[in-house]
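Examination of the molecular architecture
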Amino acid sequence: MNSPNSPGVAEFAWQEFVDVMRPQLSETTKFTVGESLKAKTTMQVGGPARVYAEPTNEVELQRLLKTAHARNLPVLMLGRGSNLLVPDEGVEALVISLAQPEWQAFTVRGDGRVWAGAGLRLKNLCGLAASAGLHGFEFMEGIPATLGGALRMNAGAMSGWTFDVVDEVHLLTLAGEKRVLQRSEMNVDYRHCAELEQAVALGAVLRPRAQQEPQAIKDQIKNFQLKRKESQPREPSAGCIFKNPPGTSAGKLIDECGLKGARVGDAEVSTVHANFIVNRGNATSADILGLVRRIRAQVKAARGIELEPEVMLYGKSWKEVL
Ligand SMILES: Cc1cc2nc3c(=O)[nH]c(=O)nc-3n(C[C@H](O)[C@H](O)[C@H](O)COP(=O)(O)OP(=O)(O)OC[C@H]3O[C@@H](n4cnc5c(N)ncnc54)[C@H](O)[C@@H]3O)c2cc1C
């Protein structure tokens, strides 16, 4: 997405945007100024969005994108907020969330494939697929994401990646134009999908691996749930804070540096899993940044490896702050 904190995005441009947009949106579309993002993220830190919208349907989503694009105003998508660090000062952007029912579809098509909306939570996707006897989505259980966020991040667990089950992604460009991309046309790798860096995923056609007894699928999901419970902290977090460097695990490196339990303010390196930073109550984004810097410095000094954040610094690039 465009860089939202770039200087010179004038106050009046945002006011004019709000004034122009309001009459074009239905009452069911949420459209607010200065909405706090803190409670909309799993880390539970951070400031407000300049403008925030939950569009009711694709027409209104398109209007929002086109109007912002015409004014060169930055747009950021928000999923479940489970991979984000929102700065304490908030973001100078139009933040769009696909939280409305329109975006939660799960439809088994005649050809056996599934249409799933980008606002659908993976937990629900998994449960609905299991009930329909569709095997192949179990690995998604426990990733606290929307499908849109999981596509953008190519989220993965238990040896599976989101794009393992994707055939086709439907998206809007930031200029509001609709595109349908086949899996083979998309550049996807570890925690990254290039085509969604500057676009809004609307949903995807997913391909189940096979038809199976629902109970067998549910048992596998339970199995994965138990594994997660044993290995992940319960406090608010944004999941793994760093990407695994080639050939090793970030958690192992951090643990070997004796950093479990290290704190800056209320931000703490989890004692359960060293690649998680948890919010012990009143952590700020600045606390978490401070701890990220400390971990990177210690791992670099001890092992010569530069850990790269997996969590996204919302509306900024990590290079600006590290
Ligand atoms: C307890 C915990 C466990 C986790 N476990 C895992 C795990 O096992 N594996 C894993 O990979 N991750 C894991 N994560 C991280 C996180 O859940 C994933 O990165 C997930 O894909 C983020 O999805 P989200 O909907 O929360 O997106 P957000 O965090 O809201 O956004 C992430 C990125 O996606 C973009 N985005 C969101 N929606 C759209 C859309 N519709 N179109 C285009 N871009 C969009 C955002 O702009 C942002 O750039 C975990 C996190 C937590 C808190």
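Residues numbered from 1 in each chain as written. Predicted model: local features only at pLDDT ≥ 70, side-chain atom pairs only at ≥ 80, totals over all residues. Heavy atoms only, no water.

1. Brief notes about unusual backbone geometry
Phi at asparagine 72 takes a positive value of approximately 60°, unusual for a residue other than glycine. Along the chain, the position of asparagine 72 falls in the loop between helix 2 (58-70) and strand 3 (75-78). (Helix = DSSP H or I, 4+ residues; strand = E, 2+ residues; numbered from the N terminus.)

2. Section: helix 7 (residues 285-303)
Under the 1.5 Å per step criterion, the end-to-end length of helix 7 is 27 Å for 19 residues, consistent within 8% with the ideal 27 Å. Of all the residues in helix 7, the buried ones are Ser285, Asp287, Ile288, Leu289, Leu291, Val292, Ile295, Arg296 and Val299. Where helix 7 is buried, its residues meet strand 4 (84-85), helix 6 (250-256), strand 18 (263-264), strand 19 (267-269), strand 20 (276-279) and helix 8 (318-321). (Expected span 1.5 Å × (residues − 1). Buried < 20%, exposed > 50% of the residue type's maximum accessible area, 1.4 Å probe, protein only. Contact = heavy atoms within 4.5 Å.)

3. A closer look at the side chain of threonine 162
For threonine 162, the location among the structural elements is in the loop between strand 10 (160-161) and strand 11 (166-173). A relative accessible area of 0% means that threonine 162 is categorised as buried. In this structure the side chain of threonine 162 is engaged in a polar contact, spanning 2.7 Å, whose partner is the backbone oxygen of alanine 155. Excluding its chain neighbours within four sequence positions, the residues that come into contact with threonine 162 are Phe139, Met140, Ala150, Leu151, Asn154 and Ala155. (Polar contact = N/O pair within 3.5 Å; in protein donor to acceptor, adjacent residues only side chain to side chain.)

4. A look at the environment of arginine 22
Of note, arginine 22 is situated in the loop between helix 1 (11-21) and strand 1 (30-33). Along the backbone, arginine 22 and leucine 64 are 42 residues apart, and their C-alpha atoms lie at a distance of 9.9 Å. Of note is the side chain of arginine 22, whose polar atom sits 3.4 Å from the backbone oxygen of phenylalanine 31.

5. Examining the environment of alanine 297
Counting through the fold element by element, alanine 297 comes out in helix 7. Taking the C-alpha atoms as reference, alanine 297 lies 33 Å from phenylalanine 139; in sequence the two are 158 residues apart.

6. A short note on the packing of helix 3 (residues 122-131) against helix 5 (residues 214-231)
Any two packed helices are characterised by the angle at which their axes cross and by the distance between the axes. Running from N to C, helix 3 and helix 5 point in directions that differ by 150°, and their axes come no closer than 8 Å. When the axis of helix 3 is compared with that of helix 5, the two are roughly antiparallel. Each of Lys123, Cys126, Ala130 and Ser131 in helix 3 lies in contact with helix 5, whose residues at this interface are Pro214, Ile217, Lys218, Ile221 and Gln225. Split by residue class, the contact of helix 3 with helix 5 holds 5 nonpolar, 2 polar and 2 charged. (Axes fitted to C-alpha atoms, helices over the stretch in contact; angles between N-to-C directions. Parallel < 35°, antiparallel > 145°, perpendicular 65-115°, else oblique. Nonpolar A, V, L, I, M, F, W, Y, C, P; charged D, E, K, R; others polar.)

7. Some details on helix 5
Think of an α-helix as 3.6 residues a turn; residues three or four steps apart then line up on the same face. Under the 1.5 Å per step criterion, the end-to-end length of helix 5 is 26 Å for 18 residues, consistent within 8% with the ideal 26 Å. When helix 5 is considered as a whole, its buried residues turn out to be Ile217, Ile221, Phe224 and Arg228. The buried residues of helix 5 occupy an angular sector of 60° when the element is viewed end-on, so they sit on one face. Of the exposed residues in helix 5, the ones pointing more than 90 degrees away from its buried face are Lys222, Leu226, Lys229 and Glu230. (Arc of directions from axis to C-beta.)

8. Details of the sheet that holds strand 2 (residues 49-54)
Spatial ordering of the open sheet is given by 1-2-5-3, a layout of 4 strands whose pairing is mixed. Two strands in the sheet have a free side with no partner beyond their single neighbour: strand 1 and strand 3. Ignoring which end each strand starts from, the neighbouring axes of this sheet average 20° apart. Of the strand pairs in this sheet, strand 3 and strand 5 (residues 91-97) are connected by 4 bridges, and their pairing is parallel. Looking at strand 5, one finds that valine 75 is bridged to leucine 94. Here helix 1 sits on the sheet and contacts strand 1, strand 2 and strand 5; the angle it forms with strand 2, its principal contact strand, is near 20°. Docked against the sheet, helix 2 engages strand 1, strand 2, strand 3 and strand 5, running at close to 160° with respect to strand 5. (Pairing = 2+ DSSP bridges.)

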